[in-house]
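# Survey of secondary and tertiary structure
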Amino acid sequence: MAEQRKKLNAEELHAFSDEMSMLISGGTPATESIGLMLEESKNPVEKMLFQSMLDTMYETSSLAKSIEQTGVFPDYFCHMITMGEATGNTEEVFNLLAKHYERELAISAAIKNAVSYPLMMVVMMMIIIVVLVTQIMPIFERVFIQLGSTMDGVSGGILAFGKFLKSYGWIFLAVVLVIAIVIIVMRKTPNGREKLTNFFCHFKKIRGIYEKLQISRFSSGMAMTIGSGMVVTEAIDVAATLATSKYFEKKVVKLKEAYTENGDLGKSFSEAGIFVGLYGRMATLAARRTGDIEEVMDKIANTYQEQADGEINDIISVVEPTLVIVMSLVVGLILLSVMLPLLNIMTGIN
């Protein structure tokens, strides 16, 4: 089964966790829940996945083993279900996983919105400019020639650029395509994603948003793992797998070392520098009252996600009008470079 399909994405994991949580909380046994999902599924690949899980459950009577043998669920997902099954908290674990993936989907949607709209604006702006300099400017050139004049100065430079672009534009297009392909390929490998992240994190604003998202993911992981009944050291290990930053991973390693040494989770958070200010105090107080740590971690995760979303929206609110203004200025400059000399010629003729 592992060879037949790739790992499930966040959307699929959220849908599975949410449905399992609802079915189990409604009193449906895990085996029947998988059977119902098999009957409802219309996708042949999904049917194979659920059938494989069902066969394993009949053989082993273990939901955790049926999930693990598919090879399409993340390791921490399998670990969580194993812990839930061992402690009798399977329903709660699925609920925590559903909340975690819902947060992941919200983060992904915010990032996509932040990137896709400005990118679309840039593409539109480039298309308009290319059409102006390669198609419209030659028409004005013919008008100038018919009036016994030539285009020079700024308009002449723009016209020359348009002719060059029309003759060798395929080179620019090829370069853009190569860059796009390189970025797509890099995003598919851990090392490539890290290099892209390091590049964009040179910008202070983006670095701040990225750090908040890392803390949100880690806090969500801690809430999820501790809520499933894991001991703190295991919870830290599983939550650490959700981090995608080498810098943040070093903090997590420091956290585990500090906790192993002093046994005080609140103090270890401070020493590792994961939570600061109010959130550091909240985490410290919650760690000393074990019953509160899961709830506080969830609140911290939500707060940091909301802050990151707010900063992303702030960037969009600045970038959007800026791109419109830049496009208007460029298009206006191109048209004025032609219209003003043309008006002078017409005035001279009159």
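For the structure, see preceding data.
The present account deals with the structure reproduced in this document. Not measured: the values here are computed from a predicted model.

## Considerations on the overall build of the chain
- Across its full length, the chain carries 14 helices and 0 strands.
- Its helices and strands in sequence order give the chain the pattern α-α-α-α-α-α-α-α-α-α-α-α-α-α, from N to C terminus.
- Here the C-alpha radius of gyration of the chain, 29 Å, is well above what a compact globule of 350 residues would show, namely 20 Å.
- Within the chain, the proportion of its 350 residues that are buried is 41%.
- Accessible area for the chain stands at about 19500 Å²; split by element, carbon and sulfur atoms hold 62% of it.
- For the chain, the distance from the average site of its 31 positive side-chain charges to the average site of its 38 negative ones is 10 Å.

## Focus: the pattern of salt bridges
- Within the structure shown, the criterion is met by 6 salt bridges.
- Ionic pairing is found between Asp 298 and Lys 99, a salt bridge with its closest N-O pair at 3.5 Å. Note that Asp 298 is positioned in helix 14 (residues 293-349) and Lys 99 in helix 6 (residues 90-146), a separation of 199 residues in sequence.
- For Asp 298, a relative accessible area of 16% gives the class buried.
- Across the salt bridge formed by Glu 141 and Lys 163, the nearest N and O atoms sit 3.1 Å from each other. Of this pair, Glu 141 sits in helix 6 while Lys 163 sits in helix 7 (residues 153-187), and the two are 22 residues apart along the sequence.
- In the salt-bridge network here, residues are joined through shared partners; they are Lys 99, Arg 103 and Asp 298.

## Structural notes on the side chain of Lys 251
- Mapped onto the elements, Lys 251 comes out in helix 11 (residues 246-262).
- Glu 211 provides the closest opposite charge to the buried, unpaired Lys 251, separated from it by 6.3 Å.
- Beyond its immediate sequence surroundings of up to four residues, Lys 251 is in contact with Ala 272, Gly 273 and Ile 274.

## Remarks on the nonpolar core
- Judged by nonpolar contacts, the single largest core of 56 residues is most densely connected at Phe 16, Ile 67, Phe 73, Phe 77, Phe 94 and Phe 218.
- Not counting chain neighbours up to four residues away, the residues in contact with Ile 67 comprise Phe 16, Met 53, Phe 73, Phe 77, Cys 78, Ile 81 and Phe 94.
- The next biggest cluster of nonpolar side chains, apart from the first, holds 17 residues, and it includes Met 125, Met 137, Phe 140 and Ile 345.

## Notes on helix 10 (residues 232-240)
- Regarding helix 10, the residues found buried are Ala 235, Ile 236, Val 238 and Ala 239.
- Buried residues in helix 10 make contact with helix 5 (75-87), helix 9 (204-227), helix 11 and helix 12 (265-272).

## Considerations on helix 11
- Taking 1.5 Å of rise per residue, 17 residues should cover 24 Å, and helix 11 covers 24 Å from first to last C-alpha, within 8% of that figure.
- In this structure, the buried residues of helix 11 make contact with helix 9, helix 10 and helix 12.
- Gly 263 sits one or two residues past helix 11 and shows a positive phi near 70°.

## Topic: unusual backbone geometry
- You will see that Ser 61, though not glycine, has its phi angle at about 60°, which is positive.
- For Ser 61, the location among the structural elements is in the loop between helix 3 (44-60) and helix 4 (63-70).

Rules and cut-offs
Residues numbered from 1 in each chain as written. Predicted model: local features only at pLDDT ≥ 70, side-chain atom pairs only at ≥ 80, totals over all residues. Heavy atoms only, no water. Helix = DSSP H or I, 4+ residues; strand = E, 2+ residues; numbered from the N terminus. Rg over C-alpha atoms; globule rule 2.2 N^0.38 Å. Buried < 20%, exposed > 50% of the residue type's maximum accessible area, 1.4 Å probe, protein only. Areas by Shrake-Rupley, 256 points an atom, 1.4 Å probe, with all protein chains shown as cover. Lys, Arg positive; Asp, Glu negative; His and termini not counted. Charge placed at Lys NZ, Arg CZ, Asp CG, Glu CD. Salt bridge = Lys/Arg side-chain N within 4 Å of Asp/Glu carboxyl O. Contact = heavy atoms within 4.5 Å. Core = buried A, V, L, I, M, F, W, Y, C linked by side-chain atoms within 4.5 Å. Expected span 1.5 Å × (residues − 1).

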